[in-house]
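Residues per chain are reported as follows:
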Amino acid sequence: MLCCAALLFVLGIVREVWFRLPFTTRKPEPGFAPVAHRPAPGTAPVVATVAPPAPIRRGAMFAPALVGFAVNSLLYVVFVVGLIDTGVAIGNDGPWALRTAGFVIAALIALFLAARTADATHRHPAVWLIGAGAAWWLLGLVDMHAFGLFDIRGGIPADLAFHGSGAVLIVVGAIAFVRTSQKEFVHVR
């Protein structure tokens, strides 16, 4: 039962993220009919007008996620070196220079895309957490499991804590994003 609720939650987040991608469109929700008012006898009916919402550039909301990804990619590289130097992780031989160059290039591409889609009027700080968590989770998987560059001491619990921290940032950012989006939606109406 709990797994079904978790699956629905994840599918809802995936659906929301999908509709915020630059190449997708969302059909407008019909909502409820307006409240019917009857004019007083002998008076003309008053028609209420609603101003259309300000247009949002597609992808503008994800600029903070790209910045979070870029910043956390660079912080991740420094943090892993610190883990190895302090003995928390064991460094292995491998393509460290290629990996670091790839991470820096990915960070620069993310910053470039963020600069192209940035919109100062629509910023969601919670989206930054999603980007930061995605960087930590993805780069950790690439480093440890694709390249095999280091291992965390402490076995499976330490490994789960290392990878899980990125997943936790993604979930916390998604929850905060949904909550702030709902509050903004309520205030706009």
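First things first, this report covers the structure right here in the doc. Because the structure is predicted, anything quoted here is derived from the model rather than measured.

Tallied over the entire structure, the rule returns 1 salt bridge. In this structure, R99 engages D143 in a salt bridge whose closest nitrogen and oxygen atoms are separated by 2.7 Å. A residue pair is termed long-range when its members are at least 10 positions apart, and R99 in helix α3 (residues 96-117) and D143 in helix α4 (residues 125-146) qualify at 44 residues. Accessibility classification places R99 together with D143 in one group, the buried group.

A few words now on the environment of A107. Turning to its location among the elements, A107 is positioned in helix α3. Looking at A107, the relative accessible area reads 2%, which means it is buried. The spatial distance from the C-alpha of A107 to the C-alpha of G68 is 9.4 Å, given a sequence separation of 39 residues. Not counting residues within four places of it along the chain, the set of residues in contact with A107 comprises A70, S73 and L74.

Remark: helix α2 (residues 63-86) packs on α3, axes separated minimally by 6 Å, with the N-to-C direction vectors making an angle of 160°. The angle between α2 and α3 falls in the class roughly antiparallel. Where α2 crosses over α3, the handedness of that crossing is left-handed. Across from A63, L66, V67, F69, A70, S73, L74, Y76, V77, V80 and I84 in α2, the residues of α3 making contact are W96, R99, T100, F103, V104, A106, A107, A110, L111, L113, A114 and T117. Residue composition of the contact of α2 with α3, by class: 19 nonpolar, 3 polar and 1 charged.

Definitions and cut-offs
Residues numbered from 1 in each chain as written. Predicted model: local features only at pLDDT ≥ 70, side-chain atom pairs only at ≥ 80, totals over all residues. Heavy atoms only, no water. Salt bridge = Lys/Arg side-chain N within 4 Å of Asp/Glu carboxyl O. Helix = DSSP H or I, 4+ residues; strand = E, 2+ residues; numbered from the N terminus. Buried < 20%, exposed > 50% of the residue type's maximum accessible area, 1.4 Å probe, protein only. Contact = heavy atoms within 4.5 Å. Axes fitted to C-alpha atoms, helices over the stretch in contact; angles between N-to-C directions. Parallel < 35°, antiparallel > 145°, perpendicular 65-115°, else oblique. Left-handed = near helix turned anticlockwise from the far one by under 90°. Nonpolar A, V, L, I, M, F, W, Y, C, P; charged D, E, K, R; others polar.

Just geometry here; none of it tells us what the structure is for.
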